[in-house]
Structures are given as C-alpha cells and as structure tokens.
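Now for the letters of each chain:
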Amino acid sequence: TVLVVDFGAQYAQLIARRVREARVYSEIVPSTMPVAEMLAKRPKAIILSGGPSSVYAEGAPGIDRALFEAGVPVLGLCYGFQLMARELGGTVDNTGSREYGRTELAVERIDSTLFSGTPERQQVWMSHGDACSAAPEGFTVSASTDTVTVAAFENDERRLYGVQHHPEVLHSTHGQQLLEHFLYRGAGLDPSWTTGSIVEEQVAAIKAQVGGKRAICALSGGVDSAVAAALVVKAIGDQLTCVYVDHGLMRQGESEQVEKEFVASTGAQLRVVDASERFLDALAGVSDPEQKRKIIGREFIRVFEQAQAELIAEAGAAGEDVAFLVQGTLYPDVVESGGGTGTANIKSHHNVGGLPDDIEFELVEPLRMLFKDEVRMVGAELGLPDSIVHRQPFPGPGLGIRIVGEVTRERLTVLRAADAIVREELTAAGLDREIWQCPVVLLADVRSVGVQGDGRTYGHPIVLRPVSSEDAMTADWSRLPYDLLAKISNRITNEVPDVNRVTLDITSKPPGTIEWE
Ligand code: XMP
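- The protein is annotated in an unreviewed UniProt entry as GMP synthase [glutamine-hydrolyzing] from Streptomyces xiamenensis.
- Word for word, the UniProt comment on the protein under Catalytic activity (unreviewed entry) is "XMP + L-glutamine + ATP + H2O = GMP + L-glutamate + AMP + diphosphate + 2 H(+)".
- Under the UniProt heading Pathway (unreviewed entry), the note attached to the protein is "Purine metabolism; GMP biosynthesis; GMP from XMP (L-Gln route): step 1/1."

Structure follows, in structure tokens:
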C-alpha cells in the first residue's frame, strides 16, 4: 500500500487515483492520524499531499519527523514538500505572495530519480504561497523556477523526495511520469495492482467475511450495485440473493434488461418484486417534488424489507442464517464521510410481523476502496455487459421525478415513449459515452397549443436535458448537433401522442440541477 496523507487539499483523491493508474494500490489517510498508526499499515511508500495553508499559519497541520526516519520512501507535494523541507532542516520563506497556475519548471538534474527521461523545460501546475529557498542537508536540488530556487529536491540514500508543483494534475505535462519514477525507482514498487488482482483480493475477502452464511443485495440497475453483487456472486455463489424492486418508474425495457442481462452474465439468484401498483397508489394526487421523493424512498424501503423478511424466514426454515447486506459504497463516499476502515453495522427496521425486532446485518462493501472508473473496469473483468458497466446515471426515484406534476400510468407511458426515442437516437449518433446523461422530462401540468394535420392540438411539452459532467456536482448543457435535435423533435412529436412540443434545456448546473425535481 502507498499511503496518501491528506493535508486538506482537494488533491488527495486525485493523487490516490494517479498512483492507482500507475498500478500501485493507494489509500488516503488524514494528516491527523498519528505517524505510528500510519507506519502500522506497513506502507511501501508515503505521499504527502498539498494543502490550503501556509506552514507558518496558526494551527497549520504538521507532520511528526519520525515519518522521515522510518526508512519508508516519502514524496512530498506542494504543502507536503514544504513541511518536509522545514522538518528536515531546509529553509522555507514566508513570502506572503502567491504563485498560482501554469509555470515553467527548469530541471537541473535530468538524470535524477524523479526527472529521468523528461525534458529540461516542462510545464507544471503550481499553487503555493511560501517557497523553499534552501534544501535540507544531504538533499540535491533537481529543479527550480523563475521565482522558486528550490522547486524539487531528492535524497536517494534516504529515499526522500519532494516537489513544489502538483504532478497529479494534467496541466503538469510530465506529472504522471514523475509519480511513476517515485513509485518504481524511488520506492522500488512494481506495477502489479490490476483489475484481475482486485477481483481476486475481494473474492478472498468476501469469502472470509461471509463464510457459510447468507447475504442479500438490493439491485438498482445501476453500475455500483451490479458490480458489487457480481463480485459477491463470484465469491459465494448462491449464498447471495439479489432483490430487485420494480417501482414501475423505470424507463422502457429497463427492468427486463436488468433481469435478463444481470442474471445471464453473473448467474446470480434474483428475485424481482413487482411493486408498481403500490408505488403508483402511494403517488396518486401528489405533485410536490420533495413529497414524491419521500414517498418513493419510503415505499422502497418497505418493499425491500418485506422481501428481506421473506428471505430470512425461508432461510430460517432451512436452518440457515442471513447475516450480510451487500452495498455498492464507493471510495469517494468513504473518504468524504471521514471514514476509515472497518465494517459498520446497520440495524434493519422491520415492519413485518413475526420476526425478531432487531436482526443486525453486517455490511459487505466490496467497492469501498474503489473509484467509479475502477468499478467499471472490475465490472468488465467480471463479464458484465457494456449496457450495465457503462450505464448512465439514473436517479433512484426514476421517472417519478421527471414528470412535473402528478405521476400517473398514462403520463408514464407518454414519457417512456419519448425517452426511448431520445436514447435510441443518442445511441445511433454514437454519443452515449460523450454525454453524462440526458434526462427527458414531461411537463405534465403545462399545455400548449399546436397544429398537427389540419387540426388544433392542446398537448404537453417534452424537455430534453442533455448534460456533460465529471461528477454530477457541476454540469454544462451538451451542445448536441442541430440535425440530431431536429430528428429527435420530429420523431417525438410524430410518434408520441399528447406531445406537441419539444424543448431544449440550456441551463448549466449551477444554477439548474440536472434533474427537474
Ligand atoms: P441533480 O438533479 O441533483 O442530480 O443535479 C445529480 C445527479 O444525481 C442523480 N440523482 C439521483 N440519484 N437518487 C439517485 O440515486 C436520487 O434521488 C437522485 N436525484 C438525482 C441525477 O440523475 C444526477 O445524475
């Protein structure tokens, strides 16, 4: 393991990803973790991240010098570099000014461990206030910039390295190479962490955790739960039962696709609960978005718990225990909730009679150390089809929050037909991977006048909401080709009854959210 010590920068996750791209496993730890605890993880190398503060600021996070004396190779980046410089006896000047953005780095030692084989002049991304003006004793200065005399230093004997810039961002043109030089040459690591090795490792861990007991997984149709379930099936086969709650708010063909393709590619035991009646009944007369979301969430839990209770009862009758719940939690969630390692216990709330009140489930979260793109790679490795592995995000409440107004069967039928046309045309245009997602929204409470054939129509508008995004936190509207938009518009107004107008949402996020509700 390579530990990335997080000094509060938004860069720590990026660093961890870059290390993994170099096929070396990495984990993020907070800088407040005692060094003894870090070393107890037996890291093969440690990377100190950047951070927002000046090393001179009051309350600025520090690092115990013992870290540099443990014989573990260390690479300091930006703030981490300055901490190293200061702790090891170099000079860091409190400049009071800031340097931010693209900078040209002058490499003075092109044969050095970090810079070997890279150009003498290279573009790097800088973001710092203080600057190192003298390297610690025993260190060689290997790069500088116009304003910073010591922009990189190296000590091969102690295997300690540092650079002022951010090699993890793409603007640093040789950044990945630098990180790899540190990992392979500086720390002597091999690029051996592959998708195959992740699967092997996780399968062994799941087997050890679950043993001979049974597990349950709620399948949503999304990538994460599908990959998590597929991993667990590979480990424990039919000791896992997957439950898919069909809330009747899925798009055309989607539920059938989940059922068929997931089972075909994994051999999983799947129970499908058709609860559409129940959801539609609960949604009758409701048009407030938050209320709709709450109802859908509540019903979902109830239906899942009921299915779960049935499974537990059946297993109990067969003399078995159901003790595990599989979830597709990803690493960013774990990091953001300040989580470390270890398994959380959750209590399941039963509202089904005849069962003990508090059966405790232990969570199985085989993806909790993975980023989204790694999850997709694991899914592909496990043989899941592209339609699952590269599925675009779709909200849990489904079409329920894409009908502005009350959700009814008739309206769902209209929206499904329009949505199917949009998806078909986007796929035909080869744009599935390019756009993040394209919600199609029915403005069921709005009517507009149109003319079709020889007559007046009074129908509903459909809104197209194609967006591009990295993480759904921010998004921009996708500039789809006019010809494609024309085709979609023509088809929808001709083929979908009750729709006489197609509009395009050209709002970025913020201020608009991706979904309309
Ligand atoms: P917004 O509309 O907040 O959406 O910009 C951001 C991303 O989250 C998806 N989304 C949801 N996903 N349950 C989900 O699983 C939900 O309740 C939910 N609401 C929004 C949305 O599709 C987009 O990708």
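1. Examining the sheet that holds strand β11 (residues 160-163)
At step 1: With mixed pairing, the nine strands of this open sheet are ordered in space as β2-β1-β3-β4-β11-β10-β9-β6-β7. A strand with exactly one partner marks an edge of an open sheet, and here the two such strands are β2 (26-30) and β7 (121-128). The mean angle between the axes of side-by-side strands here comes to 25°, regardless of whether they run parallel or antiparallel.
At step 2: One ladder, built from five bridges, connects strand β1 (residues 2-6) with β2; its direction is parallel. Bridging from a neighbouring strand, Val 4 pairs with Ile 28 of β2.
At step 3: In the packing of helix α3 (residues 79-87) onto the sheet, the strands contacted are β3 (45-48), β4 (74-77) and β11, and the crossing angle to β4 comes to about 115°.

2. So, helix α5 (residues 195-210)
At step 1: For α5, with 16 residues, the first-to-last C-alpha span of 22 Å sits near the 22 Å given by 1.5 Å per residue.
At step 2: Taken together, the buried positions of α5 are Ile 198, Gln 202, Ile 206 and Val 210. Axial view of α5: buried residues confined to an arc of 70°, hence all on one face. In α5, the exposed positions that point more than 90 degrees away from the buried face belong to Gly 196, Ser 197, Glu 200, Ala 204 and Ala 208.
At step 3: After α5 finishes, the residue Gly 211 shows a positive phi value of roughly 60°.

3. A word on the site of the ligand
At step 1: All residues in the neighbourhood of the ligand are listed as Pro 393, Pro 395, Gly 396, Pro 397, Gln 437, Ala 472, Lys 509, Thr 513, Ile 514 and Glu 515.
At step 2: Classifying every residue of the shell around the ligand by side-chain character gives five nonpolar, three polar and two charged.

4. Points about the packing of helix α6 (residues 223-236) against helix α11 (residues 372-381)
Two quantities define a packed helix pair, namely the angle between the axes and the distance from one axis to the other.
At step 1: At a minimum axis distance of 10 Å, the contact between α6 and α11 shows a crossing angle of 50°. In terms of orientation, α6 lies oblique with respect to α11. Note that α6 runs across α11; the crossing there is left-handed. Each of Val 223, Asp 224, Ala 226, Val 227 and Ala 230 in α6 lies in contact with α11, whose residues at this interface are Val 375, Arg 376, Val 378 and Gly 379.

5. Overview of the domain arrangement of the protein
At step 1: Each assigned domain of the protein is listed here: domain 1 (2-186), domain 2 (195-389) and domain 3 (408-504).
At step 2: Between the C-alpha centres of domain 1 and domain 2 there is a distance of 40 Å.
At step 3: Domain 1 puts four residues into the contact, and the matching count from domain 2 is four residues.
At step 4: Ranked by the residues each element gives to the side of domain 1 that touches domain 2, the list is headed by helix α1 (residues 12-21), at three residues.
At step 5: Per-class residue counts for the side of domain 1 that touches domain 2 are one nonpolar, one polar and two charged.

6. Re the confidence of the model for the protein
At step 1: Mean pLDDT over the protein works out to 92, with 95% of the residues at or above the 70 mark.
At step 2: Confidence drops under a pLDDT of 50 for residues 339-356, and excluding neighbours within four residues, the segment shows 25 contacts in the predicted structure.
At step 3: Across the interface, the model reports ipTM at 0.99; the global pTM reads 0.82.

7. Quick look at the nonpolar core
Soluble globular proteins tend to bury their nonpolar side chains together.
At step 1: Counting residues in each nonpolar core, the largest one holds 74 residues, and the members touching the most others are Cys 217, Val 227, Ala 229 and Val 232.
At step 2: Residue contributions to this core peak at 11 residues, all from α6.
At step 3: Each of domain 2 (195-389) and domain 3 (408-504) accounts for three or more of the residues forming this core.
At step 4: In contact with Val 232, not counting residues within four places along its chain, are Ile 206, Ala 215, Cys 217, Leu 240, Val 326, Val 364 and Pro 366.

Basis of the calculations
Numbering of residues begins from 1 in every chain and follows the order in which that chain's sequence is written. Thresholds applied to this predicted model are a pLDDT of at least 70 for local features of residues and 80 or more for the giving and counting of side-chain atom pairs; totals over whole chains, interfaces and linings are not thresholded and use all residues. UniProt positions are given in the numbering used here, feature names are shortened, and annotations may be inferred rather than shown by experiment. DSSP calls a pair of strands paired once it identifies at least 2 bridges connecting them. By definition, any uninterrupted DSSP run of H or I lasting at least four residues is a helix, any uninterrupted run of E lasting at least two residues is a strand, and each is numbered from the N terminus. Axes here mean lines fitted to C-alpha atoms, for a helix over just the part in contact, with angles spanning 0 to 180 degrees between N-to-C directions. Note on contacts: residues are paired as contacts if their backbone-placed C-beta atoms lie within 7 Å. In a helix, the anticipated span is given by 1.5 Å times the number of residues less one. Any residue with 12 or fewer other C-beta atoms within 10 Å of its own C-beta is exposed, any with 20 or more is buried, and the rest are partly exposed; the C-beta atoms used are placed from the backbone. Arc, as used here, means the arc of the directions from the helix axis to the C-beta atoms. Each residue receives a C-beta atom built from its backbone; the residue is near a molecule or strand if that atom lies within 6 Å of it. Residues are sorted three ways: Asp, Glu, Lys and Arg are charged, Ala, Val, Leu, Ile, Met, Phe, Trp, Tyr, Cys and Pro are nonpolar, and all the rest, Gly among them, are polar. Angular relationships are summarised with four words: roughly parallel below 35 degrees, roughly antiparallel beyond 145, roughly perpendicular across 65 to 115, and oblique for the angles in between. Each helix crossing is assigned a hand: it is left-handed if the near helix lies turned anticlockwise from the far helix by less than a right angle, otherwise right-handed if that turn is clockwise. Residue ranges assigned to each domain were obtained from an automatic or database domain assignment. Within a predicted model, pLDDT stands for the predictor's per-residue confidence, ranging from 0 to 100. Here a nonpolar core is just a set of buried residues of the types Ala, Val, Leu, Ile, Met, Phe, Trp, Tyr and Cys, joined wherever their C-beta atoms sit within 7 Å.

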